[in-house]
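Residues per chain are reported as follows:
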Amino acid sequence: MGFNSPLINVEVKDSLDESAMIDTAFVEIHIQDDSNSIIEGTLISEDDNISNTQLYSYSAYFDVNSNMFDFGIVVSAPSYHSFVTKDISFQTNSSCGADNTVNYTVYLCPLGTSCL
């Protein structure tokens with residue numbers, strides 16, 4: 001048994017109602033390396049039988065030819081302010097059976113509100 005392919009799950013929630021998942025978001029993972037590739041997250045709206053994806057999150061495999069890299073996340077959705085973060089470090093764990101899943105939660109603020 002090898003290690004799991006590196007994967008990210010991004011949960012997108014309403015900042016005023018943390019139980020409200022936003023299913024209309026656009027999620028991009030920006031790989032900060034020489035390629036500067038962009039990976040689009042796919043909404044997991046039903047069980048996909050993949051053990052390391054999270055239901056109601058936007059998931060994407062890191063398609064990177066490096067064991068260590070930085071990445072950023074850009075999230076936008078209709079009627080919400082956008083979210084951007086960068087310089088998140090990741091290192092693949094190549095140990096037998098290692099889980100290489102990153103779970104990240106993003107809170108979006110509805111337009112026209114103060115949301116902290």
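The model shown is predicted, which means the values in this text are computed figures rather than measured ones. (Residues numbered from 1 in each chain as written. Predicted model: local features only at pLDDT ≥ 70, side-chain atom pairs only at ≥ 80, totals over all residues. Heavy atoms only, no water.)

Visitor: Quick question: what am I supposed to make of the pairing of strand S7 (residues 83–91) here?
Guide: Here is the key point about a regular strand: its side chains alternate between the two faces of the sheet. With 7 bridges connecting them, strand S6 (residues 68–76) and S7 associate as antiparallel partners. Across the sheet, Ile 73 pairs through a bridge with Thr 85, a residue of S7. In textbook terms, the turn of a hairpin is the stretch between consecutive antiparallel strands, and for S6 and S7 this stretch comprises 6 residues, one of which, Ser 79, has a positive phi near 70 degrees. (Pairing = 2+ DSSP bridges. Helix = DSSP H or I, 4+ residues; strand = E, 2+ residues; numbered from the N terminus.)

Visitor: So what exactly am I meant to see when it comes to the sheet that holds strand S3 (residues 38–40) here?
Guide: Strands belonging to one sheet form pairs held by backbone hydrogen bonds; the direction of such a pair is parallel or antiparallel. The 4 strands lie next to each other as S3-S2-S6-S7, forming an open sheet whose pairing is antiparallel. What marks the edges here is a single partner per strand, and that holds for S3 and S7. Each strand of the sheet is rotated relative to its neighbour by a mean of 25 degrees, with strand direction disregarded. (Axes fitted to C-alpha atoms, helices over the stretch in contact; angles between N-to-C directions.)

Visitor: Could you clarify how one ought to interpret the packing of aromatic side chains in this entry?
Guide: Given two aromatic rings, their pairing is described by the distance between the two centres and the angle made by the two planes. A full pass over the atoms with the stated rule returns 5 aromatic pairs. Ring geometry for Phe 62 against Phe 90: centres 5.2 Å apart, planes inclined by 35 degrees, an arrangement best described as tilted. With Phe 62 in the loop between strand S5 (58–61) and S6 and Phe 90 in strand S7, the pair connects residues that are 28 residues apart, well separated along the chain. Comparing Phe 62 with Phe 90 shows no difference in burial state: the two are buried. Arranged with centres 5.4 Å apart and planes meeting at 45 degrees, the rings of Phe 69 and Phe 90 form a pair that is tilted. Remark: Phe 90 occurs in strand S7 and Phe 69 occurs in strand S6; sequence separation between them is 21 residues. Considered together, Phe 69 and Phe 90 belong to a single accessibility category, that of buried residues. Among the aromatic residues, those joined into a ring-pair cluster are Phe 62, Phe 69, Phe 71 and Phe 90. (Phe/Tyr/Trp six-rings, centres within 6.5 Å; stacked < 30°, edge-to-face > 60°. Buried < 20%, exposed > 50% of the residue type's maximum accessible area, 1.4 Å probe, protein only.)

Shape is all these values report; function is a separate question.
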